[in-house]
Amino acid sequence: MSPRNHARRLWASVSPGDELPALTMTVSYEKVILNTAVTWDYMPGHFDPDYARSQGVPTIYANTIFLQGLTDRFVVDWAGRDSFIVHRGLSMMQPILAGAVVTAHGSITDVRSEEGVGIVELESVVSGEQGVKHCVSRHTLWLPQAEEKFDDVRQRIRLVAESSSAAASPKGAGT
Amino acid sequence: MTEPSHQHDYEVPTGSEAEGRAWLGRSTEMFTAEHPTNTAMVKHYCALTEDANTHYWDPPSGVPHWGTEVTPPGMLTTWLMPIRWNPSSGRPSASRWLAPRMPLPGDRVINVRTETSFRSPIPLGRTLRAQEELVDVSPRRETRLGPGYFVTTLVRYFTDDDEEVVAESYNTLLRYESVAPEGEDE
């Protein structure tokens, strides 16, 4: 069992500015290959160093699905397994190269009620040993109140998700 | 310098910017995953991310809360990936994703941004379906990897027995012409 927190965290117990416990992971060559195999993403930059170099990247690197899973785990470890990811925005900066040691830091940026359910916004940064910034993620989470179960609020959360998707801009990806 | 080992089926077609822009608004057919969401793949994925969430390792434990057995949201794209060898063709199943298949000047691809909304958990034991639409192609930009275009698609995901969207995701990737680092061959 992970030493990090998997408890059920209630919406009323959190505040803007709360910081999440940092998460550090070694992304070995083995892990990058595992990444390719388990996500079925055989874009050659994830398993062939020559191809990665032809992309202008020094060696093989982890894919987007790994970053999604890493940042999801980072926030849900803190928020508890009963929390629900309504929306996740992920901006990639520098690829995570095989051999890297990365650390995720994050904090709460907003706590609100929307459609009558408890919503929390978090921003996280995954960075490397030399301060290299690999990605920034923004998670919108539902956190339960009291004895609330997801099944009780399913339709209201669907409305929050629809609103989040409508607000997600398809433009402005940066350079 | 060793001989490049580019023995892949991964080929990105090139073309003019105008040819690429002609794809704007194009959608794929609805396509279906090759197999249902399943516990074996979930556990391997959790091994990758070192995720101890018991709702993934012991799926029945999550049913009282979710109303169903659930899978990690990060696996959404994985469920629609093509299998790597097909007995009828002897080749990988064709990729259905639009952005690497559309013509543009660059033949290199790297992902830069995703925005994904989940309307409910992705259930275990169900076969997902998806449809992708090309929604934006940026003007040509200079980037640290080389000149290219930011291509954004919208994918809507469905389960096999429900016409309501279960998740939707904007994905932006960079199609570019690689500029090899100084002093290296390319």
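Up top is the structure.
The following paragraphs examine the structure supplied in this document. (Residues numbered from 1 in each chain as written. Chains lettered and ligands numbered in written order. Predicted model: local features only at pLDDT ≥ 70, side-chain atom pairs only at ≥ 80, totals over all residues. Heavy atoms only, no water.)

Okay, the overall build of chain A next. Counting its regular elements, chain A contains 4 helices and 5 strands. Each helix (α) and strand (β) of chain A, taken in turn from the N terminus, gives the series β-α-α-α-β-β-β-β-α. Here chain A has a C-alpha radius of gyration of 17 Å; the compact-globule value for 175 residues is 16 Å, and the two agree. Once the C-alpha set of chain A is aligned to its principal axes, its extents read approximately 55 × 40 × 30 Å. Across chain A, the fraction of contacts at a sequence separation of at least 24, relative to all contacts at a separation of at least 6, is 68%. Here chain A displays about 6,700 Å² of accessible surface, and carbon together with sulfur accounts for 51% of that area. (Helix = DSSP H or I, 4+ residues; strand = E, 2+ residues; numbered from the N terminus. Rg over C-alpha atoms; globule rule 2.2 N^0.38 Å. Contact = heavy atoms within 4.5 Å. Areas by Shrake-Rupley, 256 points an atom, 1.4 Å probe, with all protein chains shown as cover.)

With that settled, the discussion passes to the packing of helix α3 (residues 64-79) of chain A against helix α2 (residues 39-49) of chain B. The interhelical angle for the contact between α3(A) and α2(B), taken along N-to-C directions, is 75°, at an axis separation of 9 Å. Put simply, α3(A) runs roughly perpendicular to α2(B). Between α3(A), through Ile65(A), Phe66(A), Gln68(A), Gly69(A), Leu70(A) and Arg73(A), and α2(B), the contact on the second element is made entirely by Tyr45(B), Leu48(B) and Thr49(B). (Axes fitted to C-alpha atoms, helices over the stretch in contact; angles between N-to-C directions. Parallel < 35°, antiparallel > 145°, perpendicular 65-115°, else oblique.)

Attention now moves to helix α4 (residues 150-167) of chain A. One turn of the α-helix equals 3.6 residues, which is why residues spaced by three or four share an orientation. Taking the largest bend as the criterion, α4(A) deviates by roughly 45°, centred on Arg156(A). Where α4(A) is concerned, the buried positions are Phe150(A), Val153(A), Ile157(A), Arg158(A), Val160(A), Ala161(A), Ser164(A) and Ser165(A). (Bend = angle between axes of the 7 residues up to and from the residue. Buried < 20%, exposed > 50% of the residue type's maximum accessible area, 1.4 Å probe, protein only.)

All buried positions along α2(B) are accounted for by Met41(B), Val42(B), Tyr45(B), Cys46(B), Leu48(B) and Thr49(B). Down the axis of α2(B), the buried set is contained in an arc of 150°. They therefore lie on one face. Taken together, the buried residues of α2(B) touch β1 (23-27), α1 (29-39) and α3 of chain A together with α3 (54-57) and β2 (70-71) of chain B. A distance of 3.3 Å separates the backbone nitrogen of Ala40(B) from a side-chain oxygen at the start of α2(B), and that oxygen is part of Asn38(B). Two residues or fewer after α2(B) comes Glu50(B), characterised by a positive phi angle close to 55°. (Arc of directions from axis to C-beta. Polar contact = N/O pair within 3.5 Å; in protein donor to acceptor, adjacent residues only side chain to side chain.)

What follows deals with the environment of Pro59(B). Residue and element names in this part refer to chain B. Structurally, the position occupied by Pro59 is in the loop between α3 and α4 (63-66). What makes Pro59 buried here is its relative accessible area of 9%. Taking the C-alpha atoms as reference points, Pro59 and Thr39, separated by 20 residues in sequence, lie 8.1 Å from one another.

So, on to the pattern of salt bridges. All names here are of chain A. Tallied over the entire structure, the rule returns 22 salt bridges over all chains. Measuring nitrogen to oxygen at the nearest pair gives 2.9 Å for the salt bridge that ties Asp50 to Arg53. Of this pair, Asp50 and Arg53 both sit in helix α2 (residues 49-54), separated by 3 residues, roughly a single helical turn. The class for Asp50 is buried, based on a relative accessible area of 12%. Residue Arg53 is classed as partly exposed on the basis of its relative accessible area of 32%. (Salt bridge = Lys/Arg side-chain N within 4 Å of Asp/Glu carboxyl O.)

With that settled, consider the packing of aromatic side chains. Tallied over the full model, the rule gives 6 aromatic pairs over all chains. On the numbers, 4.9 Å between centres and 55° between planes, the contact of Phe84(A) with Phe150(A) is tilted. Here Phe84(A), found in strand β2 (residues 84-92), pairs with Phe150(A), found in helix α4; they are 66 residues apart in sequence, far enough to count as distant. Comparing Phe84(A) with Phe150(A) shows no difference in burial state: the two are buried. Seen from their ring centres, Trp142(A) and Phe150(A) are 5.9 Å apart, and the 75° between their planes marks the pair as edge-to-face. We classify Trp142(A) as buried; its relative accessible area is 0%. Ring pairing ties together the aromatic residues Phe84(A), Trp142(A), Phe150(A) and Trp66(B), which thus form one cluster. The positively charged end of Arg26(B) is found above the aromatic ring belonging to Trp23(B), 4.0 Å away from the centroid. (Phe/Tyr/Trp six-rings, centres within 6.5 Å; stacked < 30°, edge-to-face > 60°. Lys NZ or Arg CZ within 6 Å of the ring centre and 35° of its normal.)

Next up on the list: unusual backbone geometry. Residues and elements named next belong to chain A. Backbone geometry at Glu115 places phi at a positive 55°, although glycine is not the residue there. With respect to the helices, strands and loops of the structure, Glu115 is situated in the loop between β3 (100-114) and β4 (117-127). At Ala146, a position not held by glycine, the phi torsion is positive, near 50°. Inspection of the secondary structure assignment puts Ala146 in the loop between β5 (133-142) and α4.

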